[in-house]
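Below, each chain spelled out in residue letters.
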Amino acid sequence: MKQDREKWNSRYTRHDVTIPDPDPFLTENASLLTKGTALDLAAGLGANALFLARSGYGVDAIDISFPALLRLKAEADRLSLDIRPIVADLDTYPVPINRYDLVAIFYFFSPPIMSSIRNCMKRGGLLVCSTYNYRHTSIKPGFTRKYLVPRGGLAPYVHGLDIVLNENEAGEAGNLSRLIARKR
Ligand SMILES: C[S@@+](CC[C@H](N)C(=O)[O-])C[C@H]1O[C@@H](n2cnc3c(N)ncnc32)[C@H](O)[C@@H]1O
């Protein structure tokens, strides 16, 4: 969506916005990682894509923001890491089928794309997600509700995957929903 893209582009062109550390939910569960091809969905500046590439994956990093992926690509090239940036709107992008050994989704929640997420995973592939849930409005009252995971958590969105770890109200404020699941 154009409005979203402009909002994120202006953030990612700021010099004080730098590539953060990879998400602790990913690093703390690094023992589950294998190797192969990974997808970082709505990758932003790609902290998690960089971590996955350092862990041995070839990574497709999709985001709607060109400036974000330009910065990620520069960092990946500097570190000689195998990351392929894909500038795309996930509302319409046809995610490839049966391609990925791992899918990471951090701080992006879009129920309509969840069935294509399952389809893009290979058998045995891992999904790792962490994003804000309905409790987040107690910290950020203006946050758009449709981007928040509802009370039931992420499990209802991953039909056909086996849940490895499911935390509905994680983090100090209980405002994170986190899930790891594997495709049968
Ligand atoms: C909160 S940031 C999360 C970035 C990254 N996953 C992380 O955890 O640092 C949300 C990201 O979603 C991207 N985004 C928003 N709407 C999108 C869409 N329709 N298609 C692709 N990316 C989108 C934004 O550009 C932004 O980078």
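Remember, predicted model here, so these are calculated numbers, not experimental data.

### With respect to the site of the ligand
Around the ligand, a shell composed of 17 residues is seen, among which Trp8, Ala42, Gly44, Leu90 and Phe106 lie nearest. Residues of the shell around the ligand, tallied by class, amount to eleven nonpolar, two polar and four charged.

### Observations concerning the sheet that holds strand β4 (residues 100-106)
Where strands meet in a sheet, backbone hydrogen bonds hold them as pairs that are either parallel or antiparallel. Pairing in this open sheet of seven strands is mixed, and the strands run β3-β2-β1-β4-β5-β7-β6 from one edge to the other. Both edges of this open sheet fall to β3 (83-87) and β6 (161-170), since each of them pairs with a single strand only. Averaged over all pairs of adjacent strands, the angle between strand axes in this sheet comes to 10 degrees, irrespective of strand direction. Strand direction decides the pairing type here: β4 and strand β5 (residues 121-132), joined by six bridges, are parallel. Each bridged residue has a counterpart across the sheet, and for alanine 104 the counterpart in β5 is valine 128. Against the sheet, helix α3 (residues 47-54) engages β1 (36-41), β2 (57-63), β3 and β4, with an angle of about 170 degrees to β2.

### Remarks on the pairing of β1
One ladder, built from six bridges, connects β1 with β2; its direction is parallel. Across the sheet, residue alanine 38 finds its bridge partner in β2, namely valine 59. After leaving β1, the chain enters α3 and then returns to the sheet as β2, a path that is right-handed. As defined by bridge partners, β1 adjoins β4 across four bridges and the pair is classed as parallel. What sits directly across from leucine 41, in β4, is isoleucine 105.

Rules of the game
- Residues numbered from 1 in each chain as written.
- Predicted model: local features only at pLDDT ≥ 70, side-chain atom pairs only at ≥ 80, totals over all residues.
- Near = placed C-beta within 6 Å.
- Nonpolar A, V, L, I, M, F, W, Y, C, P; charged D, E, K, R; others polar.
- Pairing = 2+ DSSP bridges.
- Helix = DSSP H or I, 4+ residues; strand = E, 2+ residues; numbered from the N terminus.
- Axes fitted to C-alpha atoms, helices over the stretch in contact; angles between N-to-C directions.
- Contact = placed C-beta atoms within 7 Å.
- Right-handed = clockwise from strand over helix to strand, strands pointing away.

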